[in-house]
Amino acid sequence: MTDFSTPCSTRLPERRRFLHRLSAVAGGVVLGGLAMPAWTAEADIRSASLVLTDDLYVLHADIVAELGSLLGDVLMRGVSLFFVVEFQLTSSRWYWLDEEIANRTLTYRLSYQALTRQYRLSVGALHQNFMTLDEALRTMLRVRNWGVLDRAAVKPGHSYNAAMRFRLDVAELPKPLQVSAFGRPDWNLSSDWLRWTFVPQRDAK
């Protein structure tokens, strides 16, 4: 994967000043109780399902999320945002802790390319460019054909506990922004865990 870079000597100091200024403002909110608009970031999982394709179960999910003005501004300033989709599958055991069958994560990197005025959405070494933020978000929030479970890992007819959530990975932010994000709802872009019962179908005879 290749990212755009600019050898311009003014960009790096400008970015540092922005991070310092944003960190200072956030510190003032926590310490001084300054009044600021509450642009809360929100996320919600509308649907999720496991579908068998050959010998692999894939996850389909539809997520609704809004970045809010603060995250949108941070993105436009050249700071990449990392988002994580988490999936878990467990089997209940009355005599011990639940057995973990699967634990998977899917990480997206969302960035803004100032040279081309495009948004880039990356998954591992793969990336796709978009002209608008809405287009990039629609693609990221529509999870399709994500392989999460081998067919042989589950027993047909047995009941399992499936769960998934979507969140901003604050740990991937630059250090000044990690401090700013602590305890602030406009940084807390995370859905609740969506939980459902999954029962693999028996093979047709």
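Model, not experiment: these values are computed from the prediction.

## With respect to the sheet that holds strand 3 (residues 81-91)
Thinking step 1. In spatial order, the strands read 6-5-4-3-8-9; together these six strands make up an open sheet with antiparallel pairing. Only two strands of the sheet have a single neighbouring strand rather than two, namely strand 6 (126-130) and strand 9 (194-198). Pairs of neighbouring strands in the sheet enclose a mean axial angle of 20 degrees, with direction left out of account.
Thinking step 2. Of the strand pairs in this sheet, strand 4 (residues 99-113) and strand 5 (residues 118-123) are connected by five bridges, and their pairing is antiparallel. Within strand 5, the residue paired with Arg109 across the bridge is Ser122.

## What to know about helix 3 (residues 133-141)
Thinking step 1. Among all positions of helix 3, only Ala136, Leu137, Met140 and Leu141 are buried. Each buried residue of helix 3 sits inside an arc of 120 degrees when the element is viewed along its axis, so together they form one side. Turned more than 90 degrees off the buried face of helix 3, the exposed positions are Asp134 and Arg138.

## A short note on the pattern of salt bridges
Thinking step 1. On inspection of all chains with the given rule, the structure shows seven salt bridges.
Thinking step 2. When the shortest N-O distance is used, the salt bridge between Asp73 and Arg77 registers 3.7 Å.
Thinking step 3. The partly exposed category is assigned to Asp73, whose relative accessible area is 34%.
Thinking step 4. Take Arg77: its relative accessible area is 38%, and that puts it in the partly exposed class.
Thinking step 5. The salt bridge partner of Arg167 is Asp169, with a shortest N-O separation of 3.8 Å.
Thinking step 6. For Asp169, a relative accessible area of 15% gives the class buried.
Thinking step 7. A network of salt bridges, in which partner residues are shared, links Glu86, Arg165, Arg167 and Asp169.

## Section: the layout of surface pockets
Thinking step 1. Volume-wise, the second largest pocket comes out at about 240 Å³.
Thinking step 2. Lining the second largest pocket are 14 residues; nearest its centre among them are Tyr108, Leu121, Val123, Gln128 and Thr139.
Thinking step 3. Listing elements by their share of the lining of the second largest pocket, those giving two or more residues are strand 4, strand 5, strand 6 and strand 7 (142-150).
Thinking step 4. The leading source of residues in the lining of the second largest pocket is strand 7, at five residues.
Thinking step 5. Across the lining of the second largest pocket, the residue classes break down as seven nonpolar, five polar and two charged.

Cut-offs and rules
- Residues numbered from 1 in each chain as written.
- Predicted model: local features only at pLDDT ≥ 70, side-chain atom pairs only at ≥ 80, totals over all residues.
- Heavy atoms only, no water.
- Pairing = 2+ DSSP bridges.
- Helix = DSSP H or I, 4+ residues; strand = E, 2+ residues; numbered from the N terminus.
- Axes fitted to C-alpha atoms, helices over the stretch in contact; angles between N-to-C directions.
- Buried < 20%, exposed > 50% of the residue type's maximum accessible area, 1.4 Å probe, protein only.
- Arc of directions from axis to C-beta.
- Salt bridge = Lys/Arg side-chain N within 4 Å of Asp/Glu carboxyl O.
- 1 Å grid on protein atoms, 1.4 Å probe; cavity = no way out; pocket = protein on both sides within 12 Å on 5 of 7 lines; lining within 4 Å.
- Points joined across faces, edges and corners; volume = space filled by probe spheres on them.
- Nonpolar A, V, L, I, M, F, W, Y, C, P; charged D, E, K, R; others polar.

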